[in-house]
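# Coordinate analysis (summary)
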Amino acid sequence: MPIFYRREHVKTLLTPRKLILRTCVSLVLLAGVMAACTMIGSQPIQAAKMFDRQHGGRDYEIFVHVRVPRVFLAALVGAALASAGVVFQALLQNPLADPYILGISSGAGLGATIAASAGLDWTLWGRSPMAVCAFAGALATVWLVWWLGRLARGAGPTGLLLAGVVVNAFFGALIMFVTSLSGSRQVQTTIFWLMGNMTEETFPVLWISGGCIVASVAALYLLGPLLNAISFGRADARSLGINTSKVAMASFAIAAFVTAVAVSLSGLIGFVGLIVPHAVRLLVGPDHRQLLPISAAAGAMFLTAADTVARTAVAPAQLPVGVVTAIFGGPFFLLLLIRHAKKLWR
Amino acid sequence: MQAIEVDNLSFSYNKRPVLQNLSFEVFEGSFLAVIGPNGSGKTTLVNLLRGTLKAQSGSIRIDSVEVQQYRTGALARKIGVVPQEFVPAFGFSAVETVLMARTPFYSRSGFERESDRIAVEKALRQTETMEFADRSIASLSAGERQRVFIARALAQETPILLLDEPTSFLDLRHQVGIFDLLKSTQIKEGKTIVVVTHDINLAAQYCDNALLLGSPDGCRCGPRPEVLTRQLIEKVFKVSGFMGEVGEAAFFLPLGGLARDYKARAGY
Amino acid sequence: MKKLWLIFAALVCWTAGGVFIQQWQTGTDRDTATPPMRIVSAAPNLTEILFALGLDDRIAAVTTNSNYPPAAMGKPKIGNFWHPDIEAVISAGPDLVLTLGFERQANLARRLERAGYNTLSLDIETIEQFYAAVERIGSVTDSEAAAAELLGRIKNRIAGPGTGAVQAKRLKVLLVIQRKPMRVVGRGTFVDEMIELAGGVNAVGPTLHKYPPIGAEQLVGSSPDVIIETADSGVDPSRQRAEALDYYRRFSDLPAVKTGRIYVISADSISRLGPRLHEGVEAIAGCLFFTGGNM
C-alpha cells in the first residue's frame, strides 16, 4: 500500500469522494440560487399567495410563465458557456480563451444580422429566425475556423487561435456592412438580440436544449482526464498515449455545439465562459474532472443571478445581461484572485 | 535485438537539411548518448523518434515496426519521452502531473487504480520529487520541474526512455542522481535509454554508445570510446581542448584562448 | 469513446420523451367570447387610438411614453416602447394586449401568447395600415361604429389641404428631422405620405434608409422648393427658423433658399402615426400654401 496516500502529500489529488462531494455541494447551491431568483423580479410576488387561486392567480402566472422558464434558461445557458470555456481553455492551452474566441460570436452575429435584415418571418419549433440562423452561423463558422486551423497544422494552438481571430475580424466587418445597409429598426433589433437577452422559452425548447446541454457537460466530463493531458500540449499528450486528434476534435465539437445552442437561446453573453472556469480553477484546482461539473454549476448560478439583476435593477427596463456579467464578474474575479493568489501556486 | 533501428533518415526544415542519411541502431537494453553542437538536429531526432515529426526519407523502426505505423497508445507503451523543460499553462501539482502518465490505464470511472498509484509513488521516490508532490509545477524551479517530467516518463513504465536534455537545469547532485537512476533502470529493468545531452563528460561516464551529430562527414555512431575521441569532438564542436584520463572513460575539457591552461590543449 | 455514443443515445431518447410529453400538454383556454375589458397597449399610437375610440376606461396599462392624451399618463405603466416588462403586463391582468408588428414588440406578443394571453400585433407603418389597424381594433373591441366615425373624421380633415394641388406643380419638400448631421424624411415612410397628402412631393428620391442621412451633394441635388425643419418641444421655433435661414444661406442656389421658404414645424405632429395624423398633414400644408410664418 503506497505510503503517501496516508500522509499529507497528496492533498491535491482528486478522489471520487472529493468529486462527488464537491459536485453535490455545487448542485445544492445552484438549486438554492435558482429558487431564490424565481421569487425576485420587477413585480413582487409571494410564495404564499401563489397557490391561492382566488387572489393569487397573478402571482402564480408570473411565477410559472415568466420566472421559472427564465431562471431555468439562465441556468442552462450559464452552464453551457462555462463548460465550453473550460474546454477551449484546455484545447488552446490558454487561460484567457473563451467560447467565442474561435469565431462563434461573429458567426452567430452574422447569422442573426442577416436574418434580421432579410426580415425573415418563419419560426422553426417556436424559435425565431434570428435564433436559428445564429445557431447555423455559429456552427458553420466554427467548422470554417477548425478547417483553417488544420491548414496551419504545424503552428499548433496558435494556428487555431489566429484562424479564429481572422474569421472574427472578417465576419465582424461583414456584420457592419450588412448593418449599414439595413433599416434602423432591423439594426436595433439585431443589436438588442446580440447584446444578450433572456426570455421565457417554451417547455419543449427548455426540455430539448436542457437535454443537449446536460448531455454535453456529461460527455465533456468523461473526457476530463484526457483534457488534463491535452492542456500540457498536443505532442506531450500524444507521448502519453492519448489520441489527441480524436480527443481534440470530439471536445471541440461538443464545446462548439453547446456554445452555439447557448448563443441561439440568448444571444452573446460574455464573461461567463472566461471567468467562471478561472474562478473555479482557483477554488478547486485545474483537474478537468471536477472543473467541468463545478464550472457548469457555477456558471449556471452566476448567470441566473446576473439575469435577476438585469431584470430588476432598472425595472421596468432591462439591462442587457452581458453588461451585468461584465460589471459584476470583473471585480468579483479580482477579489478571488487576490484572496487565493497563493493557492494558484500551490 | 534492436530496440530502435534508423535507416537512411533524412529530414529538412523548409528545404534546409538538418539530418541527412542518418543510420544507426540502438540495441535493447543499451544506453545511447546523442551528442552534437546546437543546430545539429538533436531535438529534431528526438521528435522523429517519438513520431511527432515525419521523415522525408528513410525509416525509423521501433521493435521492428515503423514509428508512423504505431497507434498512439501502442507507441506510448514502448517509449516514454522526457521533453525539454517547459512551463505548462495550468498549475497542476507534481503528483497530478506524474499521475497523468497513467491516463491510458485509468478505470472506467476515470480514476486511477492501485497499480497506477504504486507506479507513481515509485517514480516520485526515484526522482526525489516526493517532497514537493503537492506543489504546482509552475511554482517549482526548472530543475525540480525537469525531475517531475522524468518521474512522469518513469511512471509510464516503458521499455525505452527518450530524454531531451534531462539535466540541463539540474545542480551537480541531481545531475549525477538522474544519470545514476537512468543507469540503474538500464541495469535492473533492462530499459533502453537514449539521452540527448550537452554534457559530454557526464554522458561518457554512463553511456554504452554514442551518436555524434553535426559532423560534416556525416554522423558517427558506435561504442563510446570510438566516438568520443578528441579529434572528433574538436572537429564537430569546433573547439580545442584537453583530453584527459579518469579511469575507464576519458574526459574532454574545452579550453579557449584566454583559458588558464590553454597551453594544455593538444597540438600546442 | 463508446460512452460518448451512449450519452448521445440517451440524449435522443430524452428529446423524443420531450416531444411525447408535449403532446399531452394542453394550453390554458382563455375566454374570448366577451369583448376585452382590460386592454394593455404597448405603443403610444395604439394608446391614442384606444382613447380616440372612447375606450379609455377599458385600458389597463400603457407604456411610459404614452403622453397623449394627458389622461393616458395617469394609467399604470408596463415599461417603455423598447423595453416592455412582461411581468408588469401580466400583473395588469389583461384580456387583450395590443402591440405593434416589428420584431421587438412581436416578440413580446409571442411570449404572451405562449403564456396564454390574447394578443393582437398590428403593423402601423403606412397610413393604409393605420386605417386597417383602427378598423381591426374596432372590431375586436366591439366598437366598429366608433372606429368608422373616427376614420371618417380623419379622412375629412386630411382631404382638405392637398386635394386641389395640381400634380405637375407639386412643390418639392425637404423635411429635415435633424440638421447636423443631416437626416431627412425619405420615401416610403408615413411622413412622406403626409407630404403627398399635403400637396407636395418629397425632394429626395428613393433611398435605402427610411430616414436617410444625406450629404451636401444630395441636398443640392434634390433642389427643394420648400425646406421644413422639425423642432422638438421646448425649442423656440422662431429661433430655430432664424438659425436655419442662416445655415442654408450657403446653398444659395436652392429654390427654397432663394425664396426664403424655410419653415419650422413641431416634431410631435409628424412623429407618430396615430389619430392625430391630420395635424401633421395640416402643418406641412400650412408651409406649402401660405408664405412666411411658422407653424
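Not measured: the values here are computed from a predicted model.

## A few points about the overall build of chain C
The number of helices and strands found in chain C is 12 helices and nine strands. Seen through its C-alpha atoms, chain C measures out along the principal axes to roughly 80 × 60 × 35 Å. The proportion of buried residues among the 295 residues of chain C is 41%. Look at the contacts in chain C between residues 6 or more apart in sequence, and 56% of them connect residues 24 or more apart.

## Observations concerning the overall build of chain B
Secondary structure assignment for chain B yields nine helices and 12 strands. The globule rule puts the C-alpha radius of gyration for 268 residues at 18 Å, and the 19 Å found for chain B is close to it. Across chain B, every contact between residues at least 6 apart in sequence was considered, and the portion connecting residues at least 24 apart equals 62%.

## Brief notes about unusual backbone geometry
Excluding glycine, residues mostly carry a negative phi; peptide bonds, for their part, are mostly trans. In this structure, the amide linkage connecting Y68 of chain C to the following residue, P69 of chain C, adopts the cis form with an omega of -5 degrees. Looking at where P69 of chain C falls in the secondary structure, it is placed in the loop between β2 (59-61) and α3 (86-91). Phi at E157 of chain B is positive, roughly 55 degrees, even though this residue is not glycine. Here E157 of chain B lies in the loop between α5 (142-155) and β7 (160-164). The class of E157 of chain B is partly exposed, set by 18 C-beta atoms lying within 10 Å. The backbone of D142 of chain C sits at a positive phi, close to 60 degrees, despite the residue not being glycine. With respect to the element layout, D142 of chain C can be found in the loop between α5 (127-140) and α6 (144-163). With 12 C-beta atoms counted inside 10 Å, the residue D142 of chain C sits in the exposed group.

## Quick notes on the sheet that holds strand β3 (residues 96-100) of chain C
Residue and element names in this part refer to chain C. A sheet is described by the order of its strands in space; here four strands give the open sequence β2-β1-β3-β4, paired in parallel fashion. Unpaired on one side and paired on the other, β2 and β4 (119-122) mark the two borders of the sheet. Strand after strand, the sheet turns through a mean of 30 degrees between neighbouring axes, direction not considered. Relative to β4, β3 runs parallel, the two being bridged by four bridges. Its bridge partner being in β4, L98 is matched across the sheet by L120.

## Description of the interface of chain C and chain A
With 33 residues of chain C at the contact, the number on the chain A side is 33 residues. Listed by contribution, the elements that provide at least two residues to the side of chain C that touches chain A are α1 (2-24), α3 and α4 (103-114) of chain C. For the side of chain C that touches chain A, the per-class residue count stands at 14 nonpolar, 10 polar and nine charged.

## Focus: the domain arrangement of chain C
Residue and element names in this part refer to chain C. Assigned domains within chain C: domain 1 (39-142) and domain 2 (163-289). Each partner contributes residues to the interface: domain 1 has 10 residues there, and domain 2 has eight residues. Taken together, the elements giving at least two residues each to the side of domain 1 that touches domain 2 come down to α2 (44-52) and α5. Counting residues per element, the side of domain 1 that touches domain 2 draws most heavily on α2, which supplies five residues.

## Some remarks on the confidence of the model for chain C
The pLDDT averaged across chain C works out to 85; a share of 92% of its residues lies at or above 70. This complex was scored by the predictor with a pTM of 0.84 and an ipTM of 0.86.

## Some words on the sheet that holds strand β1 (residues 2-13) of chain B
All names here are of chain B. Read from one edge of the open sheet, four strands run β2-β1-β4-β5, paired in antiparallel fashion. Looking along the sheet, the strands with just one partner apiece sit at the ends: β2 (16-27) and β5 (65-66). Pairing geometry for strand β4 (residues 57-62) and β5, over two bridges, is antiparallel. Looking at the pairing, I62 lines up with V65 of β5. Packing against the sheet, helix α1 (residues 42-49) makes contact with β1, β2 and β4, and its axis sits at approximately 120 degrees to β1.

## Thoughts on the arrangement of the chains
Ranking the two pairs of chains in contact by contact count places chains A and B at the top. One finds no contact between chain B and chain C; the C-alpha atoms of the two approach each other to within 10 Å at their closest.

## Describing the interface of chain B and chain A
Counting residues at the interface gives 35 residues for chain B, matched by 34 residues for chain A. Contributing elements (two or more residues each) for the side of chain B that touches chain A: α2 (72-78), α3 (94-99) and α4 (114-126) of chain B. By residue number, the principal contributor to the side of chain B that touches chain A is α2 of chain B, which donates four residues.

## Details of the domain arrangement of chain B
Quite often, the size of an interface is put as the accessible area lost when its parts meet. Domain parsing of chain B yields domain 1 (2-228) and domain 2 (238-268). The distance between the C-alpha centroids of domain 1 of chain B and domain 2 of chain B comes to 30 Å.

Conventions used here
Residue numbers here run from 1 along each chain, matching the order of that chain's written sequence. Working convention: letters from A go to chains and numbers from 1 go to ligands, in the order in which they are written. A pLDDT threshold of at least 70 governs which residues receive local features in this predicted model, and a stricter bar of 80 or more applies before side-chain atom pairs are shown or counted, although totals over entire chains, interfaces and linings include all residues. By the criteria applied, helices consist of DSSP H or I runs no shorter than four residues and strands consist of E runs no shorter than two, each listed in order from the N terminus. Residues with at least 20 other C-beta atoms within 10 Å of their own are called buried, those with 12 or fewer are called exposed, and the rest are partly exposed. The C-beta atoms themselves are positioned from the backbone. Here, residues touch in the contact sense if the C-beta positions derived from the backbone fall within 7 Å of one another. Using C-alpha atoms as the atom set, the radius of gyration is obtained and then compared with a globule rule of 2.2 Å times the number of residues to the power 0.38. When DSSP finds two or more bridges between a pair of strands, those strands are recorded as paired. In this description, a line fitted to the C-alpha atoms serves as the axis of each element, helices being fitted only across the stretch in contact, and the angle between N-to-C directions of two axes falls anywhere from 0 to 180 degrees. Three residue categories are used. Nonpolar comprises Ala, Val, Leu, Ile, Met, Phe, Trp, Tyr, Cys and Pro, charged comprises Asp, Glu, Lys and Arg, and polar comprises the others, including Gly. An automatic or database domain assignment provides the domain bounds reported here. Each residue carries a pLDDT value, the predictor's own confidence for that position, ranging from 0 to 100.

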